[in-house]
Amino acid sequence: MKQKKYWKGLEELQDEAGYEKAMYNEFREELPLGESDAFLSTTTPRRDFLKYLGFSITAATVAASCEIKVRKAIPYLNKPEEITPGIPNYYASSYALDGDYCPIVIKTRDGRPIKIEGNTLSSITGGGTSARVQGSVLSLYDTTRLRYPMADGKETTWAALDKQVAGSLAGGGVVLLTGSILSPSVKQAINEFIARYPGTRHVVNDSVSYAGMLMANEASYGKRALPSYHFENAKCIVSIGADFLGTWLSPVEFAGQYGKARAVSGENPSMSQHFQFEGHVSLTGSNADYRYTHKPSELPAVVLGLYNAVAQTLGRPALSGAPAPTSKRVADGIKKAAKALAASQGAALVVSGSNNTQVQILVNGINDMLGAGGKTIDWNTPVNYRQGVDADMQQLVNDMQSGSVKTLLVYGANPAYDYYEADKFAAALKKVPASVSFNDHLDETTRLCKYAAPDHHYLESWGDAEPKTGYYSLQQPGIAPLFKTRQFLETLLKWSGAAESDPLAYIQNYWKTNIFPQYGNGDWQTWWDQSLQDGVAEPKTAPAFGTAAFAADVNDAAAKLLSATPKSGGVEIVFYEKVGVGTGRHANNPWLQEMPDPVSKCTWDNYLCISPAMAEKLHAVVNRFNEVDFHRPLASVKVNGKELKLPILVLPGMHPEVVAVAVGYGRGGNGLNGDALKTARRNIGPSAAGVGTNVYPWVSYNATSGTFEYSAPKAEVSNTGETYLLAITQSHNSFEGRPIIRETTLKDFIEHPEELQHERKEELGKYGENFRDDATLYFPDVFNHPQGIHWGMSVDLSTCIGCSACTIACQAENNVSVVGKSEVARGHEMHWLRIDRYFAGDPEDPQVVFQPMMCQHCDNAPCENVCPVAATSHSDEGLNQMIYNRCIGTRYCENNCPYKVRRFNWRDWNGADSFADNLWDDPATLEMNESLTRMVLNPDVTVRGRGVMEKCTFCVQRLQDAKLQAKKEDRPVKDGEAQTACQQACPTHAIAFGNVNDKESKVYEIRMKNQRLYGVLEELHTLPNVTYLSKVRNKDPEDLFQEGPQNVL
Amino acid sequence: MLLKYESTVREPLVDGVKDYHQVTVDIVRPIEGKPGKLWYAGLIISIALLIFGVFSVYWEVYYGIGVWGVNKSIGWAWAITNFVWWVGIGHAGTLISAILLLFRQGWRTGVNRAAEAMTIFAVMCAGQFPIWHVGRVWDVFFIFPYPNTRGPLWPNFNSPLLWDVFAVSTYFTVSLLFWYSGLLPDLATIRDRAKTKLRKFLYGVASFGWTGSTKHWQRHEALSLVLAGLATPLVLSVHSVVSMDFATSVIPGWHTTIFPPYFVAGAIFSGFAMVQTLLIVTRKILHLEEYITLGHIEAMNKIIMLTGSIVGVAYLSELFVAWYSGAYGEGGAFWWRILGPYWWAYVIMMTCNVVSPQVFWFKKLRRNVPFTLLMSVVVNIGMWFERFVIIVLSLYHDWLPSSWSYFSPQWPDIGFYVGTFGLFFTCYFLFAKYFPVIAIAEIKHVLKTSGENFKGKMHTIEAKTNEAFAEEVAHAHH
């Protein structure tokens, strides 16, 4: 039977054999095998070829893979509930450094702290901050921080360090040298440590000492403590050299109180009166209603004079031997101040910034006569801000020298830099067999220590603070430690051999035992969580103010003071602390270095402040022709036999025979250059090393008072003829009587509250009935936005103290670039918010006014219509917007801005450019562009590239945030929800911001009702959305200096 | 013949015994001969300056505008000063060729070619500044209204800076066309005289096939008139628009309604000064004294004196208004302009622009060549300072005293300016070598009426009585 056959095609059916053959022969065409012989017999046959191929591919792969950076972007496998990328988290915490205290809220984005806000729940600061607090977030990302523990200058492990130090501690003779510590749990741990190593001594040393007050209070009230001051209750404040708004004790707190008492309105037309006696020009003095200058050697005359004048008015016994002030002005001032003080008994406050025990005793005596205790001075809640005792420090150095100190632990102190005999300290330290520094840099002291046990940054730490008795504050970390550092508390607990060395557990335990019983109720965990969220634990109702019995011998104090005060040696010198850099602790913070000093408007340096009169003698006169040249004369200054060179800065308001210079500069040594400068930049920081001059060696020790003296009776000043570049941001000091500043006296304001508005309306009335609509050729509707949101700001010149917290807050919030000294000197600084400081009147006794100046968001903005590419435009919410992408950088807008608030990216400050290696070679700018430092950048704000214009945006990202929140909740934005960074930071709440169309808003109320309202240059019809409130001074109308605008032509 | 009569009272425009051929030979001599050593030295120096300018601009573009002396208060300084200065200089050429053509001023023929060339080169120099002074030069095309996918997004037509772009580019285009169309017959002349093939070819291409036919001449004349008509308003508009960059602002010292005429007068003032500088040197080196005569120099000096006086009046009226207005902004700006740290810039401006041109009331000085050369340089120094005073001295002390500042030029500022001199003179040297610096055809056009030797023949006519002359004219066949 024939097999069944399936065929696939007719070929198969018809020609089976042929088909089969064809099927077998798959490649029917002739294969080119004839050539294959030659192919196979070549010198590189197929197998070799494959070998080469394999090798090449492997080699290429290996070579190529070496070049590729592995970048990790690891998403959360399990996303923590509270973290959403792009949404900030806020953690309440505390800034407590060197005794400075500020309760804060840390803003973190994607796990990194980017901004510090004030904690409004605190009754101490009320949400205010200072420039230093605002700037502290940047120091977290300081690239020069110590990254690991060290022994003998080499990296070691914590375990090894613990072992080595334990050996030394066992040998006894331990001294713990610290700055002022606010943390109660750290203090307890120190006590436990002392208990573990008996004989251990704890010495507290403050870089700038307040020991005179502590000693005086001990003598006066039997308490070596500081009371709470209440400037808000004072109708009359007399400050004898205390810079309580800038640097003295707790400026954020005091500024808030001061602001309350200085806020004046039609409904409440009252304010405190402020007298200041001082040698140099402090921020506080600049804000005083009456200011008198005296030499440091005349301090007894001022203090005794005031004492006697008050005593005389109140019928109390006077002190004998009071010298008469050399100047009639000061003598009159004392009389006037005493009269005002006596008139406000019970609401008067005298403070002194002197570190002299006797002076402080006499000041206590005056306050006692005036009944300040329990009213403006509260002894029920003493403060812990400063605890250093100078005599202890002297003793320590002697002990170190004598070799009785076996182990020295240094925490939060840097005596090799800021001790007046730093060389002596350094030499003595060599005699100490084992020394440990907990400082976060390889700074002057740490460098000399055997071991470095670096502490965490405070934003990495758990902690607590008790700034005032009974007022507690918690510190929680905003980020995991960046480096192999260890918290001081943990180190201390480990060394004490504590069973539990975890700081959080220790603090929780401390709070559970000590604070929970006081303020807690219910469940501990709930209360703890709540406290952590709030950041502060305070008495529910403020405890009643208390007084203390004054028991000092004022006659003895006066006699001692008179005998111990050195005679004036002609020109005298004052050492002061700057608002930004402070004692030198913040020297490596580029934001603070570049912050113009509130009074001198100088950045990146310390300098010799001299009066215009002395400038004439020294041939260093600054006049209208040379004020714009920042190459200033270099002076040679000799104090206590030590000579230093300092640039001269002529400052109106200085006493004609007093010069002043700030401490906190010259970190790493004076006159650094070459390799020494490089090393110092690496160890202490690029913004600190080589900047300014260290003048701590000029400080002296007053044995009678037992304290350090921050002035010297003789300074030999001469002009070297050399010049030195000072980076000053404001060259002209006078506002030339222009109506950009409006001021009046309290008396005038009470009597004629309408006068200010009358003046204003008269000027604007020239242009028509309705200035807004009539004084323009444009259609009025173009500028009006009656519907929806219209953002507006108001700045109160009466309560603005010029502290510059807003400037730094703005810088942190808006990624404002740091440009370095040489560029600031060329007028290239980038601050979006500057504070204009003007002097008026007598150069010896000028009136000072501060005016924060930022983009005015004009509704008829001159910048907008001149931009050829429409890169700056107006939003329907009244914002003047900058479109960076569109900007080509013609700078026409900058020219046409009458407020000169626009800032151009002159150079590639941010490394955002496509041109390689064109960053400015300033070490600070380079530092700001390290990838670690860039972690501080706010991701919500574009980093601007070279060649584009930028300026204040009214923190548009914050406004958008508030609007989105409101939109999600389907409601309008409420007043206070959208806050600008400057407004949030202001310790005196001088800035109001909100929706002008919202009748409930504060800014609406100000616009409608406030009689002090005016707009700067409003007569230009720019229609600014920032308005100002005229400054009111509490002085007699005849004492107010006022001039009309200059028009000499 | 009689149509070509010109009174002998009028100074001849061409001195010496000239015929048409001689004119051609005189003017094309530098083109056909080998250039002298001075020419080579000048060209090399110019190119060196140009290279330095290019390097300065490279530096500025690479490192940012911050390498200049400009700052937070003074956003414009040297770059815009130089821009306005060069544009101002660029006014003389077109004024001479267009406005003087319309006014039938025969003397323009001797100077118009070089003046027009100068205009073009000056505007080229001026144009560099607005381009390179922007922060992001790679995005400078945003300024043009081109179709785009962003909306489309147009430039801001309210901005005077945008008007500037249009005004200057239009002016440049029209000036270039005018200059080149005038060159055609002369280029053809050179072509016809060319002895080498290359020369013949290149000038042949450049002369667009000009044959000198009547039709060509007729169209050429018509084109000249049309372009003159177009260019005339431009002469006035360009600097008016430039002045509006300042006049429309709110800055005291800028916000001034007299700016447009004041700027135009200043531009003509500086433009004529630059023409003087160039031509006095050119006529000497190229031996063209017979074509660019003392009469030409005097005529231009008269214009310099007139425009200088207009500028002076403008300065004084600014001061008057600053006082009379009682406005503190205006008063302060002028007070600081005169008595501030930059007082010397104001003094230089006043001396050079207002005081010094008054010496031209004296005919002796108007006809003194070395003195005119000196004065022409003084005037341009003064006019540079005028722009500097307006721009920098208004910005440096404006509304808020807190922002008062100062400007010190840095090397890239100076380098850029010097570089444009390099560009200008490189172009001018090449022009003087390869193009006829005097319009040959136009000189021939006036030769028989205004040439010295032809004017000599007029004495016979002038000797006739009026009646005899009238009769001759009445019976003439033409």
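Along each chain, numbering runs from 1 in the same order as the chain's sequence is written. For this description, chains carry letters from A and ligands carry numbers from 1, given in the order in which they are written. Per-residue local features are limited, in this predicted model, to residues with pLDDT of at least 70; the limit for side-chain atom pairs, both in listing and counting, is 80 or more; totals at the level of whole chains, interfaces and linings are taken over all residues.

Helix and strand assignments come from DSSP, with helices taken as H or I runs of at least 4 residues and strands as E runs of at least 2, each series counted from the N terminus. When helices and strands are tallied, chain A shows 34 helices and 42 strands. Seen through its C-alpha atoms, chain A measures out along the principal axes to roughly 150 × 85 × 70 Å. Burial is judged by counting other C-beta atoms within 10 Å of a residue's own C-beta: 20 or more means buried, 12 or fewer means exposed, and anything between counts as partly exposed, with every C-beta placed from the backbone. A total of 1049 residues make up chain A; the buried ones form 57% of that total. Contact definition: two residues whose C-beta atoms, as placed from backbone geometry, lie within 7 Å. Residue pairs at least 24 apart in sequence account for 74% of intrachain contacts in chain A once pairs closer than 6 positions are excluded.

Our next topic: the overall build of chain B. Secondary structure summary: chain B contains 19 helices and zero strands in total. Here the globule rule reads 2.2 Å times residues to the power 0.38, and the radius of gyration is calculated from C-alpha atoms. Its C-alpha atoms give chain B a radius of gyration of 24 Å, near enough to 23 Å, the size a compact globule of 478 residues would have. Oriented by its inertia axes, the alpha-carbon framework of chain B measures out at about 80 × 55 × 50 Å. Buried residues in chain B amount to 51% of all 478 residues. Intrachain contacts of chain B at a sequence separation of at least 6 include 84% that bridge at least 24 residues.

Given the number of residues in a helix, its expected span is that number minus one, multiplied by 1.5 Å. Across its 25 residues, helix 5 (residues 108–132) of chain B extends 35 Å between first and last C-alpha, which sits within 8% of the 36 Å expected from 1.5 Å per residue. Of all 25 residues in helix 5 of chain B, 21 are buried, a share of seventy percent or more.

What follows is about the environment of Ser501(A). All names here are of chain A. With respect to the helices and strands, Ser501 occurs in the loop between helix 17 (488–496) and helix 18 (503–519). Distance in space between the C-alpha atoms of Ser501 and Leu489 is 8.0 Å, their sequence separation being 12 residues. Excluding residues within four positions of it along the chain, Ser501 makes contact with Glu490, Leu493 and Lys494.

What follows is about the environment of Val717(A). All names here are of chain A. Position of Val717 among the secondary structure elements: in strand 29 (residues 716–725). Using a count of 21 C-beta atoms within 10 Å as the deciding quantity, one classes Val717 as buried. In sequence terms Val717 and Gly994 are 277 residues apart; their C-alpha atoms lie 52 Å from each other. What Val717 contacts, discounting residues up to four positions off in sequence, is Val571, Leu618, Ala635, Val637 and Val659.

Quick look at the nonpolar core now. Within the largest apolar cluster, 433 residues are counted, with the highest numbers of intra-cluster contacts made by Leu306(A), Leu362(A), Leu608(A) and Val659(A). Counting residues per element, this core draws most heavily on helix 9 (residues 259–285) of chain B, which supplies 14 residues. Beyond its immediate chain neighbours, meaning those up to four positions away, Val659(A) contacts Val571(A), Ile573(A), Leu608(A), Cys609(A), Ile610(A), Ala715(A) and Val717(A). Working definition: the nonpolar core is a set of buried Ala, Val, Leu, Ile, Met, Phe, Trp, Tyr and Cys residues, joined through C-beta atoms within 7 Å.

For a regular strand, side-chain orientation follows a simple rule: the groups alternate between the two sheet faces. All names here are of chain A. Of all the five residues making up strand 39 (residues 991–995), five are buried; the element is thus mostly covered by neighbouring parts of the structure. Two strands pair if DSSP finds at least two bridges between them. Here strand 32 (residues 791–796) pairs with strand 39 via five bridges, running antiparallel. Paired with Val795 across the bridge in strand 39 is Ile991.

Moving on, we get to the pairing of strand 15 (residues 434–437) of chain A. Residues and elements named next belong to chain A. The alternating pattern of strand 15 places Ala434 and Val436 on one face and Ser435 and Ser437 on the opposite face, and all of these are buried. Bridge count between strand 15 and strand 16 (residues 451–452): two bridges; the pairing is parallel. Paired with Val436 across the strands is Tyr451, a residue of strand 16.

We now examine the packing of helix 3 (residues 78–89) of chain B against helix 9 of chain B. Helix packing for two helices is described by the angle between their axes and how far apart those axes are. All names here are of chain B. Note on definitions: angles span 0 to 180 degrees between N-to-C directions of axes, and those axes are lines fitted to C-alpha atoms, for helices only across the stretch in contact. Where helix 3 meets helix 9, the axes come as close as 7 Å, and the angle between the chain directions of the two elements is 70°. Comparing their axes, helix 9 and helix 3 come out roughly perpendicular. Counted together, Trp85, Gly88 and Ile89 of helix 3 and Gly266, Ala267, Ser270, Gly271 and Met274 of helix 9 form the full contact between these two elements. Each residue belonging to the contact of helix 3 with helix 9 can be placed in one class, and the counts come to four nonpolar, four polar and no charged. Here is the rule for angles: anything less than 35 degrees is roughly parallel, anything more than 145 is roughly antiparallel, 65 through 115 is roughly perpendicular, and the remaining ranges are oblique. Just so you know the grouping, Ala, Val, Leu, Ile, Met, Phe, Trp, Tyr, Cys and Pro go in nonpolar, Asp, Glu, Lys and Arg go in charged, and all remaining residues, Gly too, go in polar.

Before going further, it helps to examine unusual backbone geometry. In this model, Gly151(B) is joined to Pro152(B) through a cis peptide bond whose omega is 0°. Residue placement: Pro152(B) occurs in the loop between helix 5 and helix 6 (160–193). For Ser804(A), which is not a glycine, the phi torsion comes out positive at approximately 75°. Structurally, Ser804(A) is set in the loop between strand 32 and helix 27 (805–813). The class of Ser804(A) is buried, set by 28 C-beta atoms lying within 10 Å. The backbone of Arg891(A) shows a phi angle near 65°, a positive value even though the residue is not glycine. On the secondary structure map, Arg891(A) appears in the loop between strand 36 (880–882) and helix 30 (892–896).

Contacts between the two partners involve 48 residues from chain B, matched on the other side by 55 residues from chain A. Those elements giving two or more residues to the side of chain B that touches chain A turn out to be helix 2 (37–63), helix 6, helix 10 (294–324) and helix 11 (328–339) of chain B. For the side of chain B that touches chain A, the leading source of residues is helix 11 of chain B, giving five residues.

The subject of this paragraph is the environment of Glu844(A). Residue and element names in this part refer to chain A. By the element assignment, Glu844 lies in the loop between strand 33 (834–840) and strand 34 (847–853). Residues Glu844 and Asn640, 204 residues apart in the sequence, show an inter-C-alpha distance of 27 Å. Leave out the neighbours within four places in its chain, and Glu844 touches Ser611 and Pro656.

Residue and element names in this part refer to chain A. Spatially, 1-2-3 is the arrangement adopted by the three strands of the open sheet, whose pairing is antiparallel. A single partner strand is all that each edge strand has here, and the edge strands are strand 1 (89–97) and strand 3 (112–118). Going across the sheet, the axis of each strand differs from the next one's by a mean of 35°, ignoring polarity. Examined bridge by bridge, strand 1 and strand 2 (residues 100–109) share nine bridges and lie antiparallel to one another. By the bridge assignment, Ala92 is partnered in strand 2 with Val105.

Residues and elements named next belong to chain B. Contact geometry of helix 3 with helix 5 gives a least axis separation of 8 Å together with a crossing angle of 160°. In this view, helix 3 runs roughly antiparallel relative to helix 5, as classed from their interaxial angle. When you trace helix 3 past helix 5, the crossing you get is left-handed. Across from Ala79, Ile80, Asn82, Phe83, Trp86, Val87 and Ile89 in helix 3, the residues of helix 5 making contact are Ala122, Val123, Cys125, Ala126, Phe129 and Pro130. We call a crossing left-handed when the near helix sits turned anticlockwise from the far one by less than a right angle, and right-handed when that turn is clockwise.

Before going further, it helps to spend a moment on the confidence of the model for chain B. Residues of chain B with pLDDT of at least 70 account for 98%, and the chain-wide mean is 88. In the predicted complex, the global pTM is 0.89; the interface-specific ipTM is 0.91. Per-residue confidence from the prediction method is given by pLDDT, with values spanning 0 to 100.

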